[in-house]
Protein chains: 2
Amino acid sequence: MAAAAEEAAAAAAAAAEGRVRAWAEGQAARGRRVALVTSGGTQVPLEARAVRFLENFSSGRRGAASAERLVAAGYGVCFLHRARSAFPWARVLPPPGPALLDALRLTPGPPPGVAADPAALPALLPALRDYRRATEDGALLAIEFTGLAEYLALLKAAARALAPFGSNVMFYLAAAVSDFYIPTSEMPEHKIQSSEGPLQITMKMVPKMLSPLVKEWAPEAFVISFKLETDPLILIDKSRQALEKYRHQVVVANILESRRTSVIIVTKDSQTPLSLSDEEIAQGMEIEEKIVSYLQGRHTAFIEKKV
Amino acid sequence: MAAAAEEAAAAAAAAAEGRVRAWAEGQAARGRRVALVTSGGTQVPLEARAVRFLENFSSGRRGAASAERLVAAGYGVCFLHRARSAFPWARVLPPPGPALLDALRLTPGPPPGVAADPAALPALLPALRDYRRATEDGALLAIEFTGLAEYLALLKAAARALAPFGSNVMFYLAAAVSDFYIPTSEMPEHKIQSSEGPLQITMKMVPKMLSPLVKEWAPEAFVISFKLETDPLILIDKSRQALEKYRHQVVVANILESRRTSVIIVTKDSQTPLSLSDEEIAQGMEIEEKIVSYLQGRHTAFIEKKV
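Everything numeric here is computed off the predicted structure, so don't read it as measured data.

Description of the UniProt feature "domain: DNA/pantothenate metabolism flavoprotein C-terminal" (unreviewed entry) in chain A
Using the residue numbers shown here, the UniProt feature "domain: DNA/pantothenate metabolism flavoprotein C-terminal" (unreviewed entry) corresponds to residues 35–80 and 167–270 of chain A. In residues 167–270 of chain A, helix accounts for 22% and strand for 34%; the two terminal C-alpha atoms are 20 Å from one another.

Quick notes on empty space enclosed by the protein
Tallying each qualifying case throughout the model produces 1 cavity of 30 Å³ or more. Put simply, the largest cavity is a space of about 100 Å³. Lining the largest cavity are 16 residues; nearest its centre among them are Leu93(A), Leu100(A), Leu104(A), Leu100(B) and Leu104(B). The set of elements that each furnish at least two residues to the lining of the largest cavity consists of β6 (113–116) of chain A together with β6 (113–116) of chain B. Looking at the lining of the largest cavity residue by residue, the class counts come to 16 nonpolar, no polar and no charged.

Details of the sheet that holds strand β14 (residues 270–275) of chain A
Residue and element names in this part refer to chain A. A sheet is described by the order of its strands in space; here 8 strands give the open sequence β7-β4-β1-β8-β11-β12-β13-β14, paired in mixed fashion. With partners counted over all chains shown, the strands left at the sheet margins are β7 (140–145) and β14, one partner each. Between one strand and the next, the sheet's axes are offset by a mean angle of 15°, whatever the strand orientation. Inspection of the sheet shows strand β11 (residues 222–229) paired to strand β12 (residues 250–255) by 6 bridges, in the parallel sense. Within β12, the residue paired with isoleucine 224 across the bridge is valine 250. Contacting β11, β12, β13 (262–267) and β14, helix α7 (residues 232–246) crosses the sheet at an angle of about 165° to β12.

Section: the relation of the copies chain A and chain B
Each copy of the sequence occupies a distinct position, and chain A is placed on chain B by a rotation of 180° and an axial shift of 0.0 Å, giving an RMSD of 0.0 Å. Viewed as a symmetry operation, the transformation between the two copies matches a two-fold axis. The position closest to the rotation axis in chain A is occupied by the C-alpha of Ala115(A), lying 2.0 Å away. Comparing interface residues between copies, 100% of those in chain A also sit at the interface in chain B, which points to an isologous, same-surface contact.

Thoughts on the pattern of salt bridges
All names here are of chain A. Following the criterion strictly, the structure yields 28 salt bridges over all chains and no others. Salt-bridge contacts for arginine 21 lead to glutamate 17; the nearest nitrogen and oxygen are separated by 3.8 Å. In this pair, arginine 21 and glutamate 17 both sit in helix α1 (residues 3–29), 4 residues apart, roughly one turn of the helix. In this structure, aspartate 137 and arginine 32 form a salt bridge, with 3.6 Å as the shortest nitrogen-oxygen distance. Of this pair, aspartate 137 sits in the loop between α4 (124–136) and β7 while arginine 32 is found in the loop between α1 and β1 (34–39), placing the two residues 105 residues apart along the sequence. Judged by relative accessible area, arginine 32 falls into the buried class, the value being 17%. If you follow the salt bridges from partner to partner, you end up with Arg61, Arg62, Glu68, Arg91, Glu286 and Glu288 in one network.

Cut-offs and rules
Residues numbered from 1 in each chain as written. Chains lettered and ligands numbered in written order. Predicted model: local features only at pLDDT ≥ 70, side-chain atom pairs only at ≥ 80, totals over all residues. Heavy atoms only, no water. UniProt positions renumbered as here; feature names shortened; annotations may be inferred. Helix = DSSP H or I, 4+ residues; strand = E, 2+ residues; numbered from the N terminus. 1 Å grid on protein atoms, 1.4 Å probe; cavity = no way out; pocket = protein on both sides within 12 Å on 5 of 7 lines; lining within 4 Å. Points joined across faces, edges and corners; volume = space filled by probe spheres on them. Nonpolar A, V, L, I, M, F, W, Y, C, P; charged D, E, K, R; others polar. Pairing = 2+ DSSP bridges. Axes fitted to C-alpha atoms, helices over the stretch in contact; angles between N-to-C directions. Contact = heavy atoms within 4.5 Å. Least-squares fit on C-alpha atoms with pLDDT ≥ 70 in both. Salt bridge = Lys/Arg side-chain N within 4 Å of Asp/Glu carboxyl O. Buried < 20%, exposed > 50% of the residue type's maximum accessible area, 1.4 Å probe, protein only.

Printed below as a string of structure tokens:
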């Protein structure tokens with residue numbers, strides 16, 4: 001990053017810290033617990049003026065669904081999400097393409113207008129009502145990121161802003177964050193030319209943010225991380241290793257292919273599988289309902305133990 | 001790719017070829033020229049069960065705006081686009097997030113419903129009318145891709161389907177296609193573990209599709225490629241090299257930072273800058289209006305010369 005870009009990023013993070021703190025004070029005044037939910041994947045540029053990026057895939061569905069559930073459970077939610085990833089309540093809408101256009105209809109008026117077709121979008125009306133209620137209550141504070149560096153700066157800013165609220169704060173770290181990046185000093189200035197032959201990329205490790213989050217930024221908070229693997233054989237070991245290394249409270253462990261219907265909640269001394277039955281899936285229930293309900297209980301126990 | 005996945009991809013491409021040909025016959029029967037517009041960026045997996053991808057950035061705005069203009073100019077447009085990238089007419093809508101939810105309002109009814117706020121979305125009503133007209137006319141055939149392999153297979157299928165319509169077909173190749181990929185045989189099966197240290201990636205060159213497109217698949221067609229660079233010093237040279245190498249008709253050359261307001265149309269014997277004046281920008285005019293208008297004229301001349 002150029003010096004000017006770094007200054008702009010620092011100013012944006014400072015502004016976010018002020019915004020989150022003022023919002024959290026309002027939540028505390030109403031007696032609400034606060035959750036910082038991170039959601040969506042980070043983008044890592046491969047060039048300084050980048051046309052190519054390394055992306056960690058995440059639709060943001062898990063984070064958005066969890067944010068809805070946390071608000072319903074009485075939390076104030078700071079939703080730190082990848083721009084254009086799934087957003088609480090808005091996720092009932094298809095992306096702006098033919099599916100969305102076909103779900104709209106011209107209303108004759110006067111004046112002529114555009115309305116949602118209730119048959120095509122039956123979930124929109126209740127979702128829009130819930131969204132309105134949440135925003136009128138101030139229960140949702142949305143903050144966007146795109147790049148990895150931006151995500152890391154905003155996470156740190158939000159963590160510092162929330163630290164004063166101690167054990168009442170839940171960190172729900174569902175974002176898919178890159179483990180690798182290319183330092184600015186090693187990045188080509190211009191678009192990599194394909195005429196130069198096969199592409200060799202060497203990426204450095206991103207420092208894990210869980211360590212300073214737990215030790216320095218918000219040491220009193222209730223911290224939940226997510227572990228996504230494709231190999232079931234290493235999932236629980238990796239989760240336990242993370243708990244030992246970072247000393248936080250919970251890992252939600254999940255496998256790529258079954259992540260929408262089952263997870264394992266791993267703590268220092270427990271291992272709790274949660275899953276949806278076929279009947280629950282048929283009813284349209286989401287696994288996030290069970291995850292949030294379970295973690296809310298653990299959070300309550302955590303707060304009571306600290307008092 | 002596993003054998004089953006390869007078979008499924010081949011079947012999907014064959015189905016697309018049939019669909020495009022039937023649609024193009026309908027267009028020809030109405031005396032319409034046909035344009036295949038490619039749009040958006042390709043996704044290249046880094047793992048077999050992938051959580052990480054190389055992405056070529058493209059919002060798809062150029063392709064979507066051009067497709068609207070081509071339909072207005074009387075073309076039938078086959079829109080081969082990255083899923084969730086900008087879509088003709090739908091691009092007036094913000095992504096499904098707070099901006100979209102805040103632009104909707106609850107209507108009391110009965111029955112209660114949801115309508116677009118005309119003050120927040122003034123462009124929606126005319127866009128929806130244009131979209132309806134285009135789809136009722138059959139002037140827009142939308143086909144989606146996500147991965148690079150899928151894009152390449154669909155481009156080939158569409159090109160073969162359109163070849164019989166000779167010089168009446170325009171290929172408008174605005175998609176941002178990866179130059180690099182990892183062969184399946186060299187891809188790790190599972191998520192790359194960050195504990196194994198820095199990431200080394202070696203990517204092979206993707207064979208350029210322009211060569212078989214021009215020589216074999218649709219040798220009579222009017223073919224336009226796009227060249228996006230970040231370094232203005234090499235832009236025209238790279239464009240001329242492409243024209244000499246692939247023997248197609250037009251390169252639309254553009255620089256990342258100024259791509260929305262100026263381009264240079266490069267042919268074997270001409271170089272035509274097109275740009276928006278400050279006044280045109282203030283009026284909300286888009287550069288694609290000028291690009292399509294210019295290329296439509298070149299296409300007419302190309303057809304007349306062939307007759």
